[in-house]
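Descriptive analysis of the structure
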Amino acid sequence: MHDRPTDSQRHAMIAVAAYYLAERRGFAPGGAEDDWRLAEQTIDAMIAARQLTEQTDDETHGQLIRNALVLQEAAGERAVPATPDTNSETAQT
């Protein structure tokens, strides 16, 4: 069984992540391309770690994506971790 999100779902998740990244920078001009690239990296890492699947509903996708980005910010990272862990209560200490 293939559990990966469809291309359309992946694109929508990247758009959500890019929006959250832009929001985090106060929507200042000039960062949209970097936001999109980081969003792609984040989403692809989450898909590879099987944190985002085709069966996960849109609301849960949004929560998982936002949590992963918050964890990155809390860790002082701008680059995406190799396997972000949003399922663990002790993720990234």
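Note that the structure is a prediction, hence the values are computed from the model and not measured. (Residues numbered from 1 in each chain as written. Predicted model: local features only at pLDDT ≥ 70, side-chain atom pairs only at ≥ 80, totals over all residues. Heavy atoms only, no water.)

**Thoughts on the packing of helix H1 (residues 7-24) against helix H2 (residues 32-48)**
Under the convention used in this document: Axis lines are fitted to C-alpha atoms, over the contacting stretch for helices. Their N-to-C directions set the angle, which ranges from 0 to 180 degrees. By definition, any uninterrupted DSSP run of H or I lasting at least four residues is a helix, any uninterrupted run of E lasting at least two residues is a strand, and each is numbered from the N terminus. We call two directions roughly parallel when the angle between them is under 35 degrees, roughly antiparallel when it is over 145, roughly perpendicular when it lies between 65 and 115, and oblique otherwise. Crossing handedness is defined as follows: a turn of the near helix away from the far one that is anticlockwise and smaller than a right angle gives a left-handed crossing, while the clockwise case is right-handed. The contact definition used throughout considers only heavy atoms, calling two residues in contact when any of these lie within 4.5 Å. Three classes are used: nonpolar for Ala, Val, Leu, Ile, Met, Phe, Trp, Tyr, Cys and Pro, charged for Asp, Glu, Lys and Arg, and polar for all others, with Gly counted as polar.
Their axes nearest at 8 Å, the elements H1 and H2 cross at an angle of 130 degrees. On the basis of the axis angle, H1 is oblique to H2. With respect to the hand of their crossing, H1 and H2 are arranged in right-handed fashion. Counted together, Arg10, His11, Met13, Ile14, Ala15, Ala17, Ala18, Leu21, Ala22 and Arg24 of H1 and Asp35, Trp36, Leu38, Ala39, Glu40, Ile43, Asp44 and Ile47 of H2 form the full contact between these two elements. Grouping the amino acids of the contact of H1 with H2 by side-chain chemistry returns twelve nonpolar, one polar and five charged.

**Let's talk about the nonpolar core**
Test applied: Within this scheme, the nonpolar core is defined by two criteria: the residues are buried Ala, Val, Leu, Ile, Met, Phe, Trp, Tyr or Cys, and they are joined through side-chain atoms within 4.5 Å. Using a 1.4 Å probe on the protein chains alone, a residue whose accessible area is under 20% of its type maximum counts as buried, one over 50% counts as exposed, and one in between counts as partly exposed.
Core analysis: the largest hydrophobic core is formed by 15 residues, its most contacted members being Ala17, Ala39, Ile43, Leu52 and Ile65. Going through the elements one at a time, H1, H2 and helix H3 (58-74) are the ones with two or more residues in this core. Ignoring any residue separated from it by four or fewer positions in sequence, one finds alanine 17 in contact with Ala39, Ile43, Ile65 and Leu69.

**Observations concerning the packing of H2 against H3**
One can describe the packing of H2 onto H3 by two numbers: an axis separation of 11 Å at closest approach and a directional angle of 110 degrees. Accordingly, the angle class assigned to the pair H2 and H3 is roughly perpendicular. The chirality of how H2 crosses H3 is right-handed. Facing H2, whose interface residues are Leu38, Thr42, Ile43 and Met46, H3 presents Leu64, Ile65, Ala68, Leu69 and Gln72. Tallied by class, residues from the contact of H2 with H3 come to seven nonpolar, two polar and no charged.

**Some thoughts on the pattern of salt bridges**
Once their charged atoms are close, side chains differing in charge can pair, the charge on each being opposite to the other. Rules: Salt bridges, as used here, are contacts in which a Lys or Arg side-chain nitrogen is within 4 Å of a carboxyl oxygen on Asp or Glu.
Per the counting criterion, the structure on display carries five salt bridges. Among the salt bridges present, the one from arginine 66 reaches glutamate 23, with a minimum N-O distance of 2.9 Å. Remark: glutamate 23 occurs in helix H1 and arginine 66 occurs in helix H3; sequence separation between them is 43 residues. Judged by relative accessible area, which is 36%, arginine 66 ranks as partly exposed. On the accessibility criterion, glutamate 23 (32% relative accessible area) is partly exposed. Notably, a salt bridge pairs arginine 37 with aspartate 34, separated by 2.6 Å at the nearest N-O pair. Of this pair, arginine 37 and aspartate 34 both sit in helix H2, separated by three residues, roughly a single helical turn. Using a relative accessible area of 43% as the deciding quantity, one classes arginine 37 as partly exposed. Aspartate 34 sits in the partly exposed class, given a relative accessible area of 41%. Sharing partners across several salt bridges, the network here consists of Glu33, Asp34 and Arg37.

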